[in-house]
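Chains, contacts and geometry: an overview
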Amino acid sequence: MMKLKSSIPLLIAIAGLFCLPLVLQNPYYIHLAETILIYTILLFGLDIVVGYVGQVSLGHAALFGIGSYTAGILFFQLGWPIWITIPASIVVTAFFGGILALPALKVVGPYLAMVTLAFGTIAQILINEMTWLTEGPLGIKLTLPELMGAPMNVTEYFWLVAVFCILALIVIDRLVKSQMGRAFEALRDSPIACDCMGVSVYRFKVIAFVISAGFAGLAGCLYAYSEQYISPNTYNNELAVLFLLGIIMGGRKSRLGAAIGAAIIVLLPKLLDDINLFRIVASIIAVVVVIGAAMALSKKVTTPRRVVVPVAGVVGLAVFSFWLNSIADWRLSIFGFMILLVVYYLQNGIVGFAKSFYQSIAGKAKTVRGGDAEVVDDSISFISAVGNQNAGAELLKVDSVLMQFGGLKALNKVDLSIKRGTIHGLIGPNGSGKSTMMNVLTGIYVPTAGNVLYAGESVVGKTSSDIALSGIARTFQNVQLFGEMTAIQNILVGLHHTFKSNMVEIALHLPRYKREEAEAHARAMALLKFVGLDDLANEEARNLPYGKQRLLEIARALALDPELLLLDEPAAGLTAPDIQELLRIIRKIRDNGITFILIEHHMDVVMSVCDTVSVLDFGQKIAEGKPAEVQADEKVIHAYLGA
Amino acid sequence: MLSIKNLEAGYGKVKVLHGINIDVPKGQVITLIGSNGAGKTTTMRAITGMIKPTAGEVTLGGEKIDGYDSHKIARLGLAHSPEGRRVFTTMSVTDNLLLGAFPRFTGSRPKGDIKHDLDKALEMFPRLKERRNQLAGTLSGGEQQMLAMARAVMLNPEIILLDEPSMGLAPILVEEVFKIISNLKSQGVTMLLVEQFAAAALNVADYGYVLENGKIATHGPASKLKDDPAVKAAYLGGAGGH
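Residues numbered from 1 in each chain as written. Chains lettered and ligands numbered in written order. Predicted model: local features only at pLDDT ≥ 70, side-chain atom pairs only at ≥ 80, totals over all residues.

By size, the foremost hydrophobic cluster in this structure holds 256 residues, and its most contacted members are A:I41, A:L42, A:A219, A:L528, A:A555 and B:A150. If one sorts the elements of this core by residue count, helix α11 (residues 201-227) of chain A sits on top with 16 residues. Every residue in contact with A:I41, bar those within four places of it in the chain, is listed here: A:F164, A:C165, A:A168, A:F215, A:L218 and A:A219. Residues A:L272, A:A282, A:L317 and A:A318 belong to the second largest nonpolar core, which totals seven residues. (Core = buried A, V, L, I, M, F, W, Y, C linked by C-beta atoms within 7 Å. Buried ≥ 20, exposed ≤ 12 C-beta atoms within 10 Å, placed from the backbone. Helix = DSSP H or I, 4+ residues; strand = E, 2+ residues; numbered from the N terminus. Contact = placed C-beta atoms within 7 Å.)

Here we come to the environment of B:F178. Residue and element names in this part refer to chain B. Tracing the backbone through its elements, the reader meets F178 in helix α7 (residues 171-186). On the basis of neighbour count, F178 is assigned to the partly exposed category, with 19 C-beta atoms found within 10 Å. In sequence terms F178 and L122 are 56 residues apart; their C-alpha atoms lie 17 Å from each other. Residues contacting F178, with those up to four places away along its chain left out, are A200 and V204.

Here the focus is the environment of A:A559. Residue and element names in this part refer to chain A. Within the element layout of this structure, A559 appears in the loop between α23 (546-558) and β11 (564-568). What makes A559 buried here is the crowd of 26 C-beta atoms within 10 Å. Through-space distance from the C-alpha of A559 to that of L492 is 7.7 Å; in sequence the pair is 67 residues apart. With residues up to four places along the chain from it excluded, the contact list for A559 reads I491, G494, L495 and L527.

So, about the sheet that holds β11(A). Pairing between the strands of a sheet is mediated by backbone hydrogen bonds and can be parallel or antiparallel. Residue and element names in this part refer to chain A. Ordered in space as β10-β11-β12-β7-β13-β14, the six strands form an open sheet in which the pairing is mixed. Only two strands of the sheet have a single neighbouring strand rather than two, namely β10 (472-474) and β14 (620-625). Each strand of the sheet is rotated relative to its neighbour by a mean of 20°, with strand direction disregarded. Along the sheet, helix α18 (residues 434-441) contacts β7 (423-427), β10, β11, β12 (595-599) and β13 (612-617); its crossing angle with β11, the most-contacted strand, is approximately 150°. (Pairing = 2+ DSSP bridges. Axes fitted to C-alpha atoms, helices over the stretch in contact; angles between N-to-C directions.)

All names here are of chain B. An order of β6-β7-β8-β3-β9-β10 is seen for the six strands of this open sheet, with the pairing classed as mixed. Pairing within the sheet leaves two strands with one partner each, and these edge strands are β6 (78-81) and β10 (215-221). Between one strand and the next, the sheet's axes are offset by a mean angle of 15°, whatever the strand orientation. Each of β6 and β7 (159-163) touches helix α6 (residues 141-153); the most contacted strand, β6, lies at about 175° to it.

Quick look at α7(B) now. All names here are of chain B. Here α7 is 16 residues long and its end C-alpha atoms lie 23 Å apart, about the 22 Å a rise of 1.5 Å per residue gives. Along α7, the positions that sit buried rather than exposed are L173, V174, V177, I181 and L184. For α7, the buried positions fall inside an angular range of 110° around the axis, keeping them on one side. What points out from α7, more than 90 degrees from its buried face, is the exposed set K179, N183 and S186. Looking at the buried side of α7, the elements it contacts are α6, β8 (190-194) and α8 (198-204). (Expected span 1.5 Å × (residues − 1). Arc of directions from axis to C-beta.)

At the junction of the two partners, chain B supplies 27 residues and chain A supplies 29 residues. Broken down by secondary-structure element, the contributors of at least two residues to the side of chain B that touches chain A are α6, α7 and α10 (229-236) of chain B. Element by element, the count of residues in the side of chain B that touches chain A is highest for α7(B), at four residues. Counted by class, the side of chain B that touches chain A contains 11 nonpolar, 13 polar and three charged residues. (Nonpolar A, V, L, I, M, F, W, Y, C, P; charged D, E, K, R; others polar.)

All names here are of chain A. Their axes nearest at 8 Å, the elements helix α3 (residues 27-52) and helix α13 (residues 255-271) cross at an angle of 130°. As judged from the angle between their axes, α3 and α13 are oblique. Crossing geometry of α3 relative to α13 is assigned as right-handed. Touching L32, T35, I36, Y39, T40, L43, F44 and D47 of α3 are R255, A258, A259, G261, A262, A263, I265 and V266, all from α13. Residue classes in the contact of α3 with α13 are distributed as 11 nonpolar, three polar and two charged. (Parallel < 35°, antiparallel > 145°, perpendicular 65-115°, else oblique. Left-handed = near helix turned anticlockwise from the far one by under 90°.)

In short, shape yes, function no, at least from these values alone.
Rendered as structure tokens:
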């Protein structure tokens, strides 16, 4: 029932969408609305790359163009119908999206922006030059597609676009809420942890670009029919910047934000063509902002100092609009000014701002503790039962590993032998090579020489995600959680390997996907309860206190069903009672047959749980043995423990 | 020297501190202990101006400093050695230390003899002296912690805030860090020390405050707190010591 109730506004919006052409009548306005819908489809896709994966792409205008030209060429050269050109556009553009993803695997941030910009330029030039295929600068003329033998009219085509827009909305919404969406966000927040959770950063970056490009292809195809004429100069870099702006202004990670962003980038330039329209809109914006600021001030959620500039800005803009006689000379300056205002003051976009504004005005105070009283099913076995068979046999063998950085030997021919079912301590001064060893074991570094055998197989040269999936999980010295994701979502990323369902199953919510999602959710809650975080399940990881973040990392690592768990300074920053709790958790995990390597500086932790301890100093193993033996070793006392 | 009255602070809608009072007299070492999420780091941030308190008052040497920006507070003589060290990794040790003295350049010339203070700081931390031209990022964790403390000393401050100086350090270095703290103490430096390693903190401090859920649960002379059964059970017991 709840679900039905919350979807009522959406259903009204959809009904309104279909009535729109009947109300508008004017083909010009119908076409504008259609363009907004098409841009919305593209922004849904672009948001995957920008909002979820956190990459910048200025190549989406080119992808949009590739979609358009695929449809245009198939229509013009071969006379194929729309029900073939649409899938063809999606597939061809998705392929080019995969190509665009390749540089994104190497470069990030401003460098990636430059590379995608170059991609856009090249694509545009190629379309222009390949006249034998694309008709070059002359462009291609299209007609509206046929429906049952007769050409569609404008209204019918609008409905077709609306149907595709709603389908895109459903698919994207389901995709980002599935294990795929979580993988995208995980690789944005911490690529290194993402790989170590068995979610290949490489693979999912490419998938994100491919999906994103598929939507750009669909939008491009619909756009070609909508305009009935395509030419290369439409798909320039200015359009690419405009798309990016749509996401930033509307608000990332939001479908509503994409729609608002699309409406702004389509309507704003039109709005600035007509002085009267501009005066009306500028006045409305000024009134809304002044009322909003007054409400915020009366509720004491902001200070006069903070609202004075935006209020003065919008009021000034309204006054300015009435002072102006002609808008033609000022168009671009005003456009730029409005963008500046939005980007500077609404950094989370319009939707993000509206959300937090509503929360602060409505006084919906967020509490860190309590809230969801979700019942945890205690019968779930949430820790992989490795069992105690073969206990004592060798699980991991580090054979004379050398790790050299330039002239520095961070690990100098170190041997380790880890027995199944034991807790193996690794201690040593800061900078002695302990964390380097962790990184070698998990594939982040490839050793210069030597070998690492896990369950009899060499892991050297394997990727981090393959090693993770083979059963080695880890935590990080400086906590590497997926900060923007909630506690339970962090665990669900660790459970990614339990999902077998593909994109189609996710989009259609087929039974297998629904079952997997429900099972993963129940198991994630059980894991959270195990580390005592079940009441914080829906809190963003970055808002948790440090000690709880460490426990969440352990729970996330357990989600991988590991046989070997590497803990890098789990007790750092914990108080005495927290440490007792940590020891209880470690022992309980060990009782399930899981093997540990434990790096720790708290000697009482090392002494109380470890079966064997190895000591590193300057990249070399200086001692090894039972905790008490190591503690009494002269070399260890001198290098590490102190008198 | 530093006085905090009815301080309230938090992040967005989440309130972390619910009116706390702390007094740091000149020349004394005051420690603030408490479990994870109690609000220790938030208290530090509110004092240094990294977050603005929502209520209450912070005064430094009689001047009201709440609401000031961090750089202004630093210029008034409050040095901060932050949790997790935060040294400037791509700059040399010497440059890191000179940056610590940056707020002393207010007029046309700096306050005091910076060259002399640099030598003094390097004397105090011999390991840094050996590595004065090395990039801070290439130092080990313990050396970075010393650099963060030395950088705070370079401000020639009225008071130093130390946030978790022993975190992630080998036992031998923890000992050294606390030696340096008592060394500074004997030179009359005023300090506010936040530390998970409560036993060691209470050993070096004159007076202690125990923070629980954003409120001061108890406070008293450090020697008394050490023997307080409740404090013992919650913060000093069993594990945690070295």
